[in-house]
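If you want the building blocks of each chain, they are given just below.
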Amino acid sequence: MSLPPLPLDAIDVGLHVPDWRAAIGAAGDALERSGSTAPGYTARMVGVIEEFGAYVVIAPGLALAHARPGPDVLTEGLSVVTLAEPVAFGHPHNDPVNVVLGLAVTTGDEHVHFVAELANVFNDSSIIPALAAAPDAATVRSLLGIAAPTGEDASTEETS
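Summary of the structure given here. Note that the structure is a prediction, hence the values are computed from the model and not measured.

Side note on the overall build of the protein
Part 1 of the argument: If you tally the helices and strands in the protein, you get 5 helices and 5 strands.
Part 2 of the argument: Helices and strands appear in the protein in the N-to-C order β-α-α-β-β-β-β-α-α-α.
Part 3 of the argument: In summary, the protein has a C-alpha radius of gyration of 14 Å against a globular reference of 15 Å for 160 residues, a match within 12%.
Part 4 of the argument: Here the protein holds 160 residues, and 47% of them are scored as buried.

Right, dumping it as structure tokens:
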């Protein structure tokens with residue numbers, strides 16, 4: 001098993017957001033756009049941070065937004081949002097954040113697996129700044145080592 005699918009419509013590059021809630025909202029919107037989640041999942045991701053704090057900021061500049069599996073998770077998925085200006089989440093060491101990953105899983109086992117796979121990617125300390133500086137969605141996928149889904153034409157990619 002590898003990382004979850006990352007279609008082009010699950011990637012937003014260089015977004016302007018006012019705060020961490022809007023950053024999580026953008027990651028959730030991207031998951032919903034890609035068909036991984038239904039409405040409600042984004043609010044649950046925000047709720048996790050409101051309840052448990054900024055533990056989702058897993059490395060300097062990087063947040064991994066997620067919530068438990070639930071009926072609003074339609075299929076496993078990943079989203080990536082890079083921010084034009086970093087925002088604070090309230091983490092004592094890893095703020096501010098300029099790359100937000102959204103993760104949706106259907107089982108607890110998938111969660112553990114995908115977090116481990118992401119940890120392998122981010123063992124390379126150059127990946128976070130490279131993602132933050134990525135000019136387009138194809139570069140984001142390349143940096144994460146994710147190939148285009150079957151049938152997706154990279155020439156049609158758009159960024160925000």
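Text resumes after the structure shown.
Thoughts on helix 5 (residues 137-144)
It helps to recall that an α-helix has 3.6 residues per turn; residues three or four apart then point in one direction.
Part 1 of the argument: Among the residues of helix 5, those classed as buried are Ala 137, Val 140, Arg 141 and Leu 144. Buried residues along helix 5 cover an arc of 95° about the axis, so they all sit on one side.
Part 2 of the argument: Where helix 5 begins, the capping side chain belongs to Asp 136, and its oxygen is found 3.3 Å from the backbone nitrogen of Ala 138.
Part 3 of the argument: Backbone geometry just after helix 5 places Gly 145 at a positive phi near 75°.

A look at the sheet that holds strand 5 (residues 97-104)
Part 1 of the argument: Pairing within the open sheet is mixed, and its 5 strands lie in the order 1-4-5-3-2. In this open sheet, the two strands that pair with only one neighbour each are strand 1 (11-15) and strand 2 (57-59). Neighbour-to-neighbour, the strand axes of this sheet turn through a mean angle of 20°, independent of strand direction.
Part 2 of the argument: Across 7 bridges, strand 4 (residues 77-87) lies against strand 5 in antiparallel orientation. What sits directly across from Val 81, in strand 5, is Val 100.
Part 3 of the argument: Packing against the sheet, helix 1 (residues 20-33) makes contact with strand 1, strand 3 (62-66), strand 4 and strand 5, and its axis sits at approximately 150° to strand 4.
Part 4 of the argument: In the packing of helix 2 (residues 41-52) onto the sheet, the strands contacted are strand 3 and strand 5, and the crossing angle to strand 3 comes to about 120°.

Conventions and cut-offs
- Residues numbered from 1 in each chain as written.
- Predicted model: local features only at pLDDT ≥ 70, side-chain atom pairs only at ≥ 80, totals over all residues.
- Heavy atoms only, no water.
- Helix = DSSP H or I, 4+ residues; strand = E, 2+ residues; numbered from the N terminus.
- Rg over C-alpha atoms; globule rule 2.2 N^0.38 Å.
- Buried < 20%, exposed > 50% of the residue type's maximum accessible area, 1.4 Å probe, protein only.
- Arc of directions from axis to C-beta.
- Polar contact = N/O pair within 3.5 Å; in protein donor to acceptor, adjacent residues only side chain to side chain.
- Pairing = 2+ DSSP bridges.
- Axes fitted to C-alpha atoms, helices over the stretch in contact; angles between N-to-C directions.
- Contact = heavy atoms within 4.5 Å.

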